[in-house]
Amino acid sequence: MGGPLRLAVLVSGKGSNLAAIVRATEQEGLPATVVVVVSDRAEAAALDWARSRGLHTEVLPPQGLDRPAYAERLQQLLERHRPDLIVLAGFMRILDPGFTERWSGRILNIHPSLLPALTGLHTHRRALEGGLDRHGCTVHFVTGELDGGPPVIQASLAVRPGEDEASLSARVQALEHRIFPEAIGWFAEGRLEMKAGSAWLDGQRLESPVMREAS
Ligand code: GRF
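Report on the accompanying structure. All values derive from a computational prediction rather than experimental measurement.

## Let's talk about the site of the ligand
Thinking step 1. As a matter of local geometry, the ligand sits amid Gly13, Lys14, Gly15, Ser16, Asn17, Gly90, Ile110, Pro112, Gln173 and Glu176.
Thinking step 2. The side chain of Gln173 places a nitrogen or oxygen atom 2.9 Å from an oxygen atom of the ligand.
Thinking step 3. Notes on the ligand: free accessible area 370 Å², of which the protein chains cover 86%.
Thinking step 4. The set of elements that each furnish at least two residues to the shell around the ligand consists of helix H1 (16–27) and helix H6 (165–188).
Thinking step 5. Class assignment for the residues of the shell around the ligand results in 2 nonpolar, 6 polar and 2 charged.

As structure tokens, then:
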């Protein structure tokens, strides 16, 4: 590849995962550089943070575009920045299957649950409502199946008795900030790939994701 891994980071929200990734590149030796931050929402706080750090930002609003048209615009934008890897860091849009196929093996997402449990939205609330003992987050390759691509790494924690959604969300996010840079690092070092519908790490097919357990 030559040089640091070129990352396109797609965001919709506050950008704490983006910040964790940038911190890892600056302070933890993650051999990657963010070449563009793309948001579908002009008001996303992640954009302000990115601009304050001198990162290149782009806004791609969905209004008036169906899913394939949005993907086409995103593709054009990305071609200008030539990322090696697309990082979905709280990007709240479903990507067109043609797009995920085109970038197959080069898109990672962070999802706030221990997949395959709790696909979709409001995972922390649903974990509490369901009385789950353990909850956490997953980094996975993105395919056309929503939250269904091959998982790479998970971090889990014990749900505390009486815990509320805000507390659980904050504790899971702290784990996200550890495992997302870790997975990106493996990819950057050429240790992680997607092959034949599975994630492979150091030449071994991952039968199940790498687990990090917190208390
Ligand atoms: C994260 O919790 C992630 O799991 C979910 O969206 C949230 C984004 O948070 N997909 P942030 O914008 O990185 O702070």
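## Some points on helix H3 (residues 67–81)
Thinking step 1. Here H3 contains 15 residues, and its C-alpha end-to-end distance of 21 Å stays within 8% of the 21 Å for a straight helix at 1.5 Å per residue.
Thinking step 2. Turning to H3, its buried residues number three or more, namely Tyr70, Ala71, Leu74, Gln75, Leu77, Leu78 and His81.
Thinking step 3. One side-chain oxygen of the residue at the start of H3 lies 2.9 Å from the amide nitrogen of Ala69, identifying that residue as Asp66.
Thinking step 4. A positive phi of about 45° marks Arg82, the residue just after H3.

## A look at the packing of H1 against helix H2 (residues 45–52)
Thinking step 1. Across the interface, H1 lies against H2 with an axial gap of 9 Å and an inter-helix angle of 25°. When the interaxial angle is binned, H1 and H2 end up roughly parallel. In this structure, H1 uses Leu18, Ala19 and Val22 to contact H2, whose residues at the interface are Ala46, Trp49 and Ala50.
Thinking step 2. Per-class residue counts for the contact of H1 with H2 are 6 nonpolar, no polar and no charged.

## A word on the environment of Thr123
Thinking step 1. The residue Thr123 is located in helix H5 (residues 123–129) in this model.
Thinking step 2. It is 6.3 Å that separates the C-alpha atoms of Thr123 and Ser113, two residues lying 10 residues apart in sequence.
Thinking step 3. Sequence-distant contacts of Thr123, that is, excluding residues within four places in its chain, are made with His111, Pro112, Ser113, Leu118 and His135.
Thinking step 4. Polar contacts involving the side chain of Thr123 include one to the main-chain carbonyl oxygen of Pro112, which spans 2.7 Å.

## Examining the pattern of salt bridges
Thinking step 1. Tallied over the entire structure, the rule returns 14 salt bridges.
Thinking step 2. For the salt bridge of Glu79 with Arg102, the shortest nitrogen-to-oxygen distance reads 3.6 Å. On the criterion of sequence distance, the pair formed by Glu79 in helix H3 and Arg102 in helix H4 (residues 97–102) is long-range, its members being 23 residues apart.
Thinking step 3. The class of Glu79 is partly exposed, set by a relative accessible area of 47%.
Thinking step 4. In this structure Arg102 comes out as partly exposed when scored by relative accessible area, which is 48%.
Thinking step 5. What you see here is one network of salt bridges that share partners, running through Glu189, Arg191 and Asp202.

## Comments concerning the sheet that holds strand S1 (residues 5–11)
Thinking step 1. Spatially, the 8 strands line up as an open sheet ordered S3-S2-S1-S4-S5-S6-S7-S11, and their pairing is mixed. In the strand order of this sheet, the two ends are held by strand S3 (57–59) and strand S11 (210–213), each with one partner. Each strand of the sheet is rotated relative to its neighbour by a mean of 20°, with strand direction disregarded.
Thinking step 2. Where S1 and strand S4 (residues 85–88) come together, 4 bridges link them in parallel fashion.

## What about the sheet that holds strand S8 (residues 192–195)?
Thinking step 1. A sheet is described by the order of its strands in space; here 3 strands give the open sequence S8-S9-S10, paired in antiparallel fashion. Here the strands that pair on one side only, and so sit at the sheet edges, are S8 and strand S10 (204–205).
Thinking step 2. Sheet topology places strand S9 (residues 198–201) next to S10; 2 bridges connect them, and they run antiparallel. Bridging from a neighbouring strand, Trp200 pairs with Arg205 of S10.

## Section: the pairing of S4
On any regular strand, side chains alternate: one points to one face of the sheet, the next to the other face.
Thinking step 1. The alternating pattern of S4 places Leu85 and Val87 and Ile86 and Leu88 on opposite faces, both of which are buried.
Thinking step 2. Sheet analysis places S4 next to strand S5 (residues 107–111), joined by 3 bridges and oriented parallel. The partner of Ile86 across the bridge, within S5, is Ile107.

## Comments concerning the environment of Gln75
Thinking step 1. Looking at where Gln75 falls in the secondary structure, it is placed in helix H3.
Thinking step 2. On the basis of relative accessibility, which here comes to 5%, the residue Gln75 falls in the buried class.
Thinking step 3. Not counting the four nearest positions on each side in its chain, Gln75 is found in contact with Phe99, Arg102 and Trp103.
Thinking step 4. There is a polar contact of 2.7 Å between the side chain of Gln75 and the side chain of Glu79.

Rules and cut-offs
- Residues numbered from 1 in each chain as written.
- Predicted model: local features only at pLDDT ≥ 70, side-chain atom pairs only at ≥ 80, totals over all residues.
- Heavy atoms only, no water.
- Near = heavy atom within 4 Å.
- Polar contact = N/O pair within 3.5 Å; in protein donor to acceptor, adjacent residues only side chain to side chain.
- Areas by Shrake-Rupley, 256 points an atom, 1.4 Å probe, with all protein chains shown as cover.
- Helix = DSSP H or I, 4+ residues; strand = E, 2+ residues; numbered from the N terminus.
- Nonpolar A, V, L, I, M, F, W, Y, C, P; charged D, E, K, R; others polar.
- Expected span 1.5 Å × (residues − 1).
- Buried < 20%, exposed > 50% of the residue type's maximum accessible area, 1.4 Å probe, protein only.
- Axes fitted to C-alpha atoms, helices over the stretch in contact; angles between N-to-C directions.
- Parallel < 35°, antiparallel > 145°, perpendicular 65-115°, else oblique.
- Contact = heavy atoms within 4.5 Å.
- Salt bridge = Lys/Arg side-chain N within 4 Å of Asp/Glu carboxyl O.
- Pairing = 2+ DSSP bridges.

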